[in-house]
Amino acid sequence: MVKPINADAVLRTDRLVLEPLQQHHALDLYAILQDERIYRYIPQDPPMSLRLLEQRYHQLERRRSPGDDEVWLNWAVRLKEPPCEYIGRLEASVLQDRMAYLAYELTPDVWGRGYATEACRCVLNILFADYAVIEVLAEVDTRNAASIKLLERLGFGLWGFRAEADFFKGKGSDEYTYRLTAPGPAS
């Protein structure tokens, strides 16, 4: 059984603060998560209501899947410098076999500024160092060029392809799986 390690620790990078996601973050993130551009390449839609988002985040506060077989790590991402506004959310699911999945949602208002790269690097370091994860996977719609570039910038390599992985918003979606393996010991 995988157990949460420092799951309530606040993470900091040069420009960002990653706060463990809690119910109260729904109020901070709800408005930015209404931007339809975030959902262009994923089968989710904007949260239907603040109350439903609060309920979802309350469930995630447990940091464990309902079957207790995965650790669910979620962070609200905000800028470190004033106005210290929230810009999105990151999540990592750690599986029992020391594999993990990484996902992210940032407001389009900050796309292209390197915040996703910075936040994801921080989370990847936690996964490899604290959870001894041996590989991290990320699934991405084949049309999502920006997300593919982000994963490649982080060192992920293309690992798999699945045709017709999803059907949403009236269209079929093919999907790539990208993989990043744990760094080897320093020589």
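Preceding block: the structure.
Residues numbered from 1 in each chain as written. Predicted model: local features only at pLDDT ≥ 70, side-chain atom pairs only at ≥ 80, totals over all residues. Heavy atoms only, no water.

## Some remarks on the pattern of salt bridges
Oppositely charged side chains are able to pair whenever their charged atoms sit close together.
Line of reasoning, step 1. Under the defined criterion, the tally for this structure stands at 13 salt bridges.
Line of reasoning, step 2. The closest approach of N and O atoms between Arg 89 and Glu 91, which form a salt bridge, is 2.7 Å.
Line of reasoning, step 3. Glu 105 is paired through a salt bridge with Arg 89; the nearest N and O atoms lie 3.4 Å apart. One end of the pair, Glu 105, is in strand E5 (residues 99-106); the other, Arg 89, is in strand E4 (residues 86-95), and 16 residues separate them in sequence. Of the two residues, Glu 105 and Arg 89, both sit in the buried class.
Line of reasoning, step 4. Counted as one network, the salt bridges with shared partners bring together Asp 35, Arg 37 and Asp 109. (Salt bridge = Lys/Arg side-chain N within 4 Å of Asp/Glu carboxyl O. Helix = DSSP H or I, 4+ residues; strand = E, 2+ residues; numbered from the N terminus. Buried < 20%, exposed > 50% of the residue type's maximum accessible area, 1.4 Å probe, protein only.)

## Brief notes about the sheet that holds E5
Line of reasoning, step 1. Spatial ordering of the open sheet is given by E1-E2-E3-E4-E5-E6-E8-E7, a layout of eight strands whose pairing is mixed. Either end of the sheet is taken by a strand with one partner, and the two such strands are strand E1 (11-12) and strand E7 (157-168). (Pairing = 2+ DSSP bridges.)

## Digging into the packing of aromatic side chains
Aromatic ring pairs: the centre-centre distance and the angle between the two ring planes describe each pair.
Line of reasoning, step 1. Per the stated rule, a full pass over the model turns up two aromatic pairs.
Line of reasoning, step 2. Ring geometry for Phe 161 versus Tyr 176: centroids 6.0 Å apart, planes at 55°, classification tilted. Of this pair, Phe 161 sits in strand E7 while Tyr 176 sits in strand E8 (residues 171-181), placing them 15 residues apart in sequence.
Line of reasoning, step 3. Overall, Tyr 176 belongs to the partly exposed group, its relative accessible area being 23%.
Line of reasoning, step 4. Look at Tyr 176 and Tyr 178: their rings are 6.2 Å apart centre to centre, the planes differ by 85°, and that puts the pair in the edge-to-face class. (Phe/Tyr/Trp six-rings, centres within 6.5 Å; stacked < 30°, edge-to-face > 60°.)

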